[in-house]
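Per-entry structural report
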Amino acid sequence: MQTFLPYPTFGRSAAALDTRRLGKQRVETLQVLRALVWPEYGWKRHPAVVMWRGFTPALVAYGVAVCDEWRRRGHRDGVRAVLLDYHGGREPTWSWCLREGLLPPWLGDGRLHRSHQSSLLRKDPEHYRPLFPGVPDHLDYHWPGESFPPDLPDTPGLVACRLDAPPLPDEHLPPAPPLDHRPGPSVARVPTEADLAAMRAEAEDPRRVRFFRRGQPLPPPTGRFTLLIDLPEKIPEEI
């Protein structure tokens, strides 16, 4: 199980994937979402799940970028609408996640992106070697782990974290073809009532912890945001 991010942004990562892996990423994103949200589902301690914990809107945005790239290549898709169910049917775009501080702080960590590039090189050297010249093909995966600050005070409202990391670029992608609204692929099991209730609760979660990078305006510590935490640890050089 993996969400491939050879680059820090979702659209650029999706566009770089070979078609076989691009198609599989739609379903793997859905599996990670189930592991994060459904009360009874496997893989909850898998590092590909742990790294996304607390960032459901961003993971949905990644899955949407993958589905849209899949459709740009001429394929039909029924997964996109299923992904949006984890965000109340709303589409969390990259620009919105960036502006709202909802992107994981490990985006831009060169160790993670290079490890994904290396893994992709092993899987399809002919496709990826021109994209990643000079990257070795033997690197192990870098798993960032959970991102939330330890010992977070029990503070009402939202918490804005100041992350000492380079800014991420905005992303403006070409439009994808119209949706075909076909049913998604078969799944291991249909969601139970408890699963659906957990999905609704996840979609209504105000995202109490958010991460803002250097150069991003921080919200004032009043109203929506009630506390600021400085995170001095630097992320390695951005790819």
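Notes on the structure in this doc start here. These numbers come from a predicted model, not from an experiment.

**Regarding the overall build of the chain**
Along the backbone of the chain there are nine helices and three strands. Its helices and strands taken in sequence order, the chain reads α-α-α-α-α-α-α-α-β-α-β-β from the N to the C terminus. When burial is assessed residue by residue, the chain has 49% of its 239 residues classed as buried. Contacts in the chain between residues at least 24 apart in sequence constitute 77% of all its contacts with a sequence separation of at least 6.

**Describing the pattern of salt bridges**
A full pass over the atoms with the stated rule returns 11 salt bridges. A salt bridge links Arg-53 to Glu-146; the shortest N-O distance between them is 3.9 Å. In this pair, Arg-53 sits in the loop between α3 (47-50) and α4 (56-72) while Glu-146 sits in the loop between α8 (125-128) and β1 (158-163), placing the two residues 93 residues apart along the sequence. When its relative accessible area of 29% is taken as the criterion, Arg-53 is described as partly exposed. In this structure, Asp-109 and Arg-111 form a salt bridge, with 2.8 Å as the shortest nitrogen-oxygen distance. Residue class for Asp-109 comes out buried when judged on its relative accessible area of 4%. Here Arg-111 falls in the partly exposed class, since its relative accessible area comes to 46%.

**Considerations on the nonpolar core**
Generally speaking, nonpolar side chains in soluble globular proteins are found buried as a group. Counting 54 residues, the largest nonpolar core has Leu-5, Phe-10, Trp-52, Tyr-62, Tyr-86, Leu-103 and Leu-107 as the members making the most contacts within it. The element best represented in this core is α4, accounting for 10 residues. Each residue touching Leu-103, except ones within four places of it in the same chain, is listed here: Phe-10, Phe-55, Ala-58, Trp-94, Cys-97, Leu-98, Leu-168 and Phe-211.

**Description of the packing of helix α2 (residues 19-37) against α4**
Taken N-terminus to C-terminus, the directions of α2 and α4 make an angle of 155°; their axes are 9 Å apart at the nearest point. On the basis of their axis angle, the class for α2 and α4 is roughly antiparallel. Note that α2 runs across α4; the crossing there is left-handed. On α4, the residues touching Thr-19, Leu-22, Gly-23, Gln-25, Arg-26, Thr-29, Val-32, Leu-33, Leu-36 and Val-37 of α2 are Thr-56, Leu-59, Val-60, Tyr-62, Gly-63, Val-66, Cys-67, Glu-69 and Trp-70.

About the cut-offs
Residues numbered from 1 in each chain as written. Predicted model: local features only at pLDDT ≥ 70, side-chain atom pairs only at ≥ 80, totals over all residues. Heavy atoms only, no water. Helix = DSSP H or I, 4+ residues; strand = E, 2+ residues; numbered from the N terminus. Buried < 20%, exposed > 50% of the residue type's maximum accessible area, 1.4 Å probe, protein only. Contact = heavy atoms within 4.5 Å. Salt bridge = Lys/Arg side-chain N within 4 Å of Asp/Glu carboxyl O. Core = buried A, V, L, I, M, F, W, Y, C linked by side-chain atoms within 4.5 Å. Axes fitted to C-alpha atoms, helices over the stretch in contact; angles between N-to-C directions. Parallel < 35°, antiparallel > 145°, perpendicular 65-115°, else oblique. Left-handed = near helix turned anticlockwise from the far one by under 90°.

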